[in-house]
Amino acid sequence: MKIALISDVHGNVEALQSVIATFAHYGVEQVIFLGDIVGYGANPNECIELLRGMSDCSIAGNHDYAAVGKTDITYFNPHAREAILWTAEVLSTDNKRFLAALPLMASRQSSIIVHSAPRHPELWDYIISPSDARTNFGNFSQQLCFIGHSHHPGIFMLDRSGGLCYKEATSVTIEANTRYIINVGSVGQPRDGNPLAAYGLYDTQAREYRLIRVAYNIARAQEKILAAGLPRFLAERIAAGY
Ligand code: ZN
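Residues numbered from 1 in each chain as written. Predicted model: local features only at pLDDT ≥ 70, side-chain atom pairs only at ≥ 80, totals over all residues. Heavy atoms only, no water.

Attention now goes to the state of the cysteines. Disulfide: a covalent bond formed between the sulfur atoms of two cysteine residues. Taken as a whole and assessed by the stated rule, the structure comprises 0 disulfides. Free of any disulfide, C145 has its nearest neighbouring cysteine sulfur in C57, separated by 13 Å. For C145, a relative accessible area of 0% translates into the label buried. Counting only cysteine sulfurs, C145 is the nearest neighbor of C165, a cysteine outside any disulfide, at a range of 16 Å. (Disulfide = S-S within 2.5 Å. Buried < 20%, exposed > 50% of the residue type's maximum accessible area, 1.4 Å probe, protein only.)

Written as structure tokens, this is what we have:
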């Protein structure tokens, strides 16, 4: 089974459409969504509708809950707050209902998915350092944990003897005696210095994970952000990938 793991779309429908257009080429059979379909970008409703039509499993990100008043936005930076207030105004009632009903986590036999971190997912902590990862490995029992949230793709690995390492690697073969926390990066607002849309592709038979990068019409997404009256910084950052 080939599974696409997509996260942090943030209302960028140009990026999402270009990502979806690659699915046939890679033989994607299932789509799992790791949160933050809205916030920052100009097309939250369109992104939700695409997601609803294709996702086999979806969970909430902090921006999804913020847009429907389910999480506090006082800690959001001013650009994020402005964007989420705009998003809350333009979302359809039906799409708001969809966001409000998303769970914080989902688990399968050998993996869990969560937007931020398995330990208290409702606090939206980041897993950035090896010590963040070590703490969180204690909060799930499966071999694999897929996350988003930081918009930085990367892989934390914990071996049987307790050795932990981090790789900004774009691919990994899943080994029997190792556990993994894998950040799949961001579709709609990458922050790793590479503006191309990112998503994870996991082949459950071959036990191979890889990061896919996809070019999309950034200029069009920027024009829409500006036309919507959203902060200029949000248009600039998607071209720079930060
Ligand atoms: Zn995000």
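Attention now goes to the pattern of salt bridges. Any two side chains of opposite charge can pair if their charged atoms end up close together. What the rule picks out here adds up to 5 salt bridges. One salt bridge connects R52 with D94, and the closest N-O pair in it is separated by 3.4 Å. Taken as a pair, R52 in helix α3 (residues 44-54) and D94 in helix α6 (residues 93-100) lie far apart in primary sequence, 42 residues in all. Judged by relative accessible area, which is 38%, R52 ranks as partly exposed. Of the residues examined, D94 reaches a relative accessible area of 40% and is grouped as partly exposed. (Salt bridge = Lys/Arg side-chain N within 4 Å of Asp/Glu carboxyl O. Helix = DSSP H or I, 4+ residues; strand = E, 2+ residues; numbered from the N terminus.)

Our focus in this paragraph is the side chain of N45. In this structure, N45 sits in helix α3. Separated by 2.8 Å, the side chain of N45 and the backbone oxygen of V90 make a polar contact. In this structure N45 touches V90, L91, S92 and N95, once residues within four positions along its chain are discounted. (Polar contact = N/O pair within 3.5 Å; in protein donor to acceptor, adjacent residues only side chain to side chain. Contact = heavy atoms within 4.5 Å.)

What follows covers the coordination of the zinc ion. Note on the zinc ion: its protein donors are D8 (OD), H10 (NE2), D36 (OD) and H151 (NE2). The metal-donor distances range over 2.0 to 2.6 Å. Coordination at the zinc ion is irregular: its 4 donor atoms span angles of 86 to 174° at the metal. Along the chain, the residues donating to the zinc ion are arranged with the sequence spacing D-x1-H-x25-D-x114-H. (Donors = N, O, S within 2.8 Å, 3.2 Å for Na, K, Ca; no water. Tetrahedral: all angles 85-135°; square planar, octahedral: opposite > 155°, others 65-115°.)

Let's shift gears to the sheet that holds strand β12 (residues 208-214). Across the sheet, 6 strands lie side by side as β3-β2-β1-β11-β12-β9; this open sheet has mixed pairing. Taken across any chain shown, the strands that pair with only one partner, and hence form the sheet edges, are β3 (57-58) and β9 (171-173). Inspection of the sheet shows β9 paired to β12 by 3 bridges, in the antiparallel sense. If you follow S171 over to β12, its bridge partner there is R210. (Pairing = 2+ DSSP bridges.)

Taken together, 6 strands build an open sheet; the order of strands is β4-β5-β6-β10-β7-β8 and the sheet is mixed. Only two strands of the sheet have a single partner each, and these edge strands are β4 (105-107) and β8 (164-167). Going across the sheet, the axis of each strand differs from the next one's by a mean of 15°, ignoring polarity. With 4 bridges connecting them, strand β6 (residues 144-147) and strand β10 (residues 178-183) associate as parallel partners. Looking at the pairing, F146 lines up with I182 of β10. In the packing of helix α7 (residues 130-137) onto the sheet, the strands contacted are β7 (154-159), β8 and β10, and the crossing angle to β7 comes to about 55°. (Axes fitted to C-alpha atoms, helices over the stretch in contact; angles between N-to-C directions.)

Turning our attention to the packing of aromatic side chains. Enumeration according to the criterion identifies 8 aromatic pairs in this entry. A centroid spacing of 5.5 Å and a plane angle of 75° characterise the contact between F23 and Y199, whose relative ring orientation is edge-to-face. Of this pair, F23 sits in helix α2 (residues 23-26) while Y199 sits in strand β11 (residues 197-203), and the two are 176 residues apart along the sequence. With relative accessibility at 8%, the residue F23 sits in the buried group. Note on Y199: relative accessible area 0%, which makes it buried. Ring geometry for F233 and Y242: centres 5.8 Å apart, planes at 45°, overall tilted. Linked through ring pairs, F146, Y202 and Y209 together constitute an aromatic cluster. A cation sits over an aromatic face here: R179 above F140, 4.5 Å from the ring centre. One cation-aromatic arrangement involves R237 over Y40; the distance from NZ or CZ to the ring centre is 5.9 Å. (Phe/Tyr/Trp six-rings, centres within 6.5 Å; stacked < 30°, edge-to-face > 60°. Lys NZ or Arg CZ within 6 Å of the ring centre and 35° of its normal.)

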